[in-house]
Amino acid sequence: MWGGRFAEGPSALMREINASIAFDKRMWRQDIEASKAHVAMLGAQGIVPAEDAAAIAQGLDTIAGEYEAEGVPEDKALEDIHMHVEHRLTQLIGPAAGRLHTARSRNDQVATDFRLWVRRANDKIDVGLEFLLKALVARAEEHAETIMPGFTHLQVAQPVTLGHHLMAYYEMFRRDRSRFADARARADECPLGAAALAGTSYPLDREATARALGFARPTANSLDSVSDRDFALDHLMAAAQCALHLSRLAEELIIWASQPFGFVRLGDDFSTGSSIMPQKRNPDAAELVRGHSGRILGELVALCTTMKGLPLAYSKDMQDDKEPVFAVQDLIEISIAAMTGMVRTVTFDRDRMRAAAASGHSTATDLADWLVRVAGVPFREAHHITGRAVKLADDRGTALWELSVEDLRTVDARIDASVYDVLSPEASARSRTSYGGTAPDQVRAQVAAAKAALGIKA
Ligand code: ARG
């Protein structure tokens, strides 16, 4: 390739550090697709003779068939996927193969291939997230009225509905999906034709290649085209945010599956036994989703760090851009799929959740709010009165709403029997009808909106 200037070939060590074929072979489809678009344009513009362009296109199709059937061969002397394809093309069609690289450099070639790869990766994640959203909405609808404790500081705070809790994750993953869509839209420009860094003197039609590869337009600056990888970082940032959300849901499933909570039983498909303790049923899939999120974050930081000190334009450091993206793609795809499976198959223990929601005087705020709303007591005073009622319940060893109205009236004479309308966990949840609140009717409204957004019939 650059043998002309170097009398001796690269040392074995140089070959070893230089070669990227072991991983960039994952881009073979994109490399061939981009080369086909390039040579079609070169032919149409009269930059290479039409018959050579046709022979090259045909040869590229042959190579695609070979790779499809047998996989990509790995020859470190040929460095990367671009050289592998070109080398095989030369074997197949002879010297005309040498015309393919006219008006092109591996710098714009790799930037184009990688964008195409990231675009497809983005599309796959979008499909995965759609399934996850649908699974969450289905379970939320099923549990619009199921009572569970809402927590702050992992202390029982106020009763909420399980449907509401699940719809919280719907919102997070909905935003993640739109972050991926944003990343995709921003990456929708084609670097092909930027050449090594400065553009070229050939009469290219960059609009044509951009269109042929499904991009909205060509990139506007050749230096930027070959030297930025923000499209890959946008993708990783969206993935990292999504992984954080996945990890939090995984963490909740792990906690809920533990015996002291006992809120859920994970499906057989997503649990494993222990090799020594026969009674064990471990939430391994959830733990691995939580674990993978750490690695995803690490890969994001790796690529940020690779890019941050690079002068324009291309530097070979940038060959290290692919492995983080490939690794993240594998980790996030399986995490989303496993989480979708867990959400679909998990069984919720309504009784355990209800019992936990009733613990810790979780409706104390409701008593305070009732005093304000019905008895006209200022909130600070109502808070104080409620504190005394909680203490009385504790002294009696009962729940707040199990105190008799006579008992409650010893705390404050303005209390009457209508307070029980808000004191049970069900009543408390039902009363929180503010927009976005936890009341079953609100949850059903959120579910209906989500179904409409996902194109699911009501
Ligand atoms: N394998 C290289 C990469 O992934 C291709 C670009 C090589 N360009 C160069 N100027 N050496 O970055």
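Just so you know, these numbers come straight off a predicted model, no measurement behind them. Sequence positions are assigned chain by chain, starting from 1 and proceeding in written order. Residue-level local features of this predicted model are given only where pLDDT is at least 70; pairs of side-chain atoms are given and counted only at 80 or more, and the full residue set underlies all totals for whole chains, interfaces and linings. The side-chain figures draw on all heavy atoms in the structure; neither hydrogens nor water molecules are used.

Draft legend 1. The arrangement of the site of the ligand in detail. Think of it this way: one heavy atom of a residue within 4 Å of a molecule or strand is enough to make that residue near it. Taken together, the residues surrounding the ligand are Ser20, Asp80, His82, Arg106, Asn107, Val110, Tyr314, Gln319 and Lys322. Side-chain atoms alone can form a polar contact between residues adjacent in sequence; in general such a contact is a pair of N or O atoms within 3.5 Å, and within protein one must be able to donate a hydrogen while the other accepts it. In the environment of the ligand, a nitrogen atom lies 3.4 Å from a nitrogen or oxygen atom belonging to the side chain of Ser20. Take Asn107: an N or O atom from its side chain is 2.8 Å from a nitrogen atom of the ligand. Numbering goes from the N terminus for both helices and strands, where a helix is a DSSP run of H or I of at least four residues and a strand is a run of E of at least two. The element that contributes the greatest number of residues to the shell around the ligand is helix α6 (residues 106-142), accounting for three residues. Classes in brief: Ala, Val, Leu, Ile, Met, Phe, Trp, Tyr, Cys and Pro nonpolar; Asp, Glu, Lys and Arg charged; the others, Gly included, polar. Within the shell around the ligand, the residues separate by chemical class into two nonpolar, four polar and three charged.

Draft legend 2. Up close: the packing of helix α7 (residues 162-186) against helix α19 (residues 440-453). Note on method: axes are straight lines fitted to C-alpha atoms, helices fitted across the in-contact stretch only, with angles between N-to-C directions ranging 0 to 180 degrees. Between α7 and α19, the shortest axis-to-axis distance is 10 Å and the interhelical angle comes to 35 degrees. Regarding α7 and α19, the two cross each other, and that crossing is left-handed. Across the interface between the two elements, Gly163, His164, Met167 and Tyr170 of α7 pack against Val443, Gln446, Val447, Ala450 and Ala453 of α19. When its residues are assigned to classes, the contact of α7 with α19 shows six nonpolar, three polar and no charged. Note: crossing handedness is left-handed where the near helix turns anticlockwise from the far helix by less than a right angle, and right-handed where it turns clockwise. Here a residue-residue contact requires only that any non-hydrogen atoms of the pair lie within 4.5 Å.

Draft legend 3. Layout of the nonpolar core. What we call a nonpolar core is a set of buried Ala, Val, Leu, Ile, Met, Phe, Trp, Tyr and Cys residues that are connected through their side-chain atoms within 4.5 Å. Here the term buried applies to any residue with accessible area under 20% of the maximum for its type, exposed to any over 50%, and partly exposed to those in between, with areas from a 1.4 Å probe on protein chains only. One finds Leu132, Phe173, Leu246, Ile332, Met339 and Met342 to be the most contacted residues of the largest nonpolar core, which totals 93 residues. Here this core takes 15 residues from helix α10 (residues 230-257), the largest share from any one element. Core analysis: the second largest hydrophobic core is formed by 23 residues, Ala358, Ala389, Leu408 and Val422 among them.

Draft legend 4. Quick look at the packing of aromatic side chains. Classification of ring pairs rests on two measures: the distance between centres of Phe, Tyr or Trp rings, Trp counted by its six-membered ring, which must be within 6.5 Å, and the angle between planes, read as stacked under 30 degrees, edge-to-face over 60 and tilted in between. Here the structure, examined in full by the defined rule, presents eight aromatic pairs. Centre to centre, the rings of Trp28 and Tyr67 are 5.6 Å apart; their planes meet at 90 degrees, and the pair counts as edge-to-face. With Trp28 in helix α3 (residues 28-44) and Tyr67 in helix α4 (residues 50-70), this residue pair connects regions lying 39 residues apart in the sequence. Comparing Trp28 with Tyr67 shows no difference in burial state: the two are buried. Note on Phe114 and Phe231: the rings are 5.6 Å apart at their centroids and 75 degrees apart in plane angle, and the pair reads as edge-to-face. Highlighted residues: Phe114 in helix α6 and Phe231 in helix α10, separated in sequence by 117 residues. For the pair Phe114 and Phe231, a shared accessibility class is recorded, and that class is buried.

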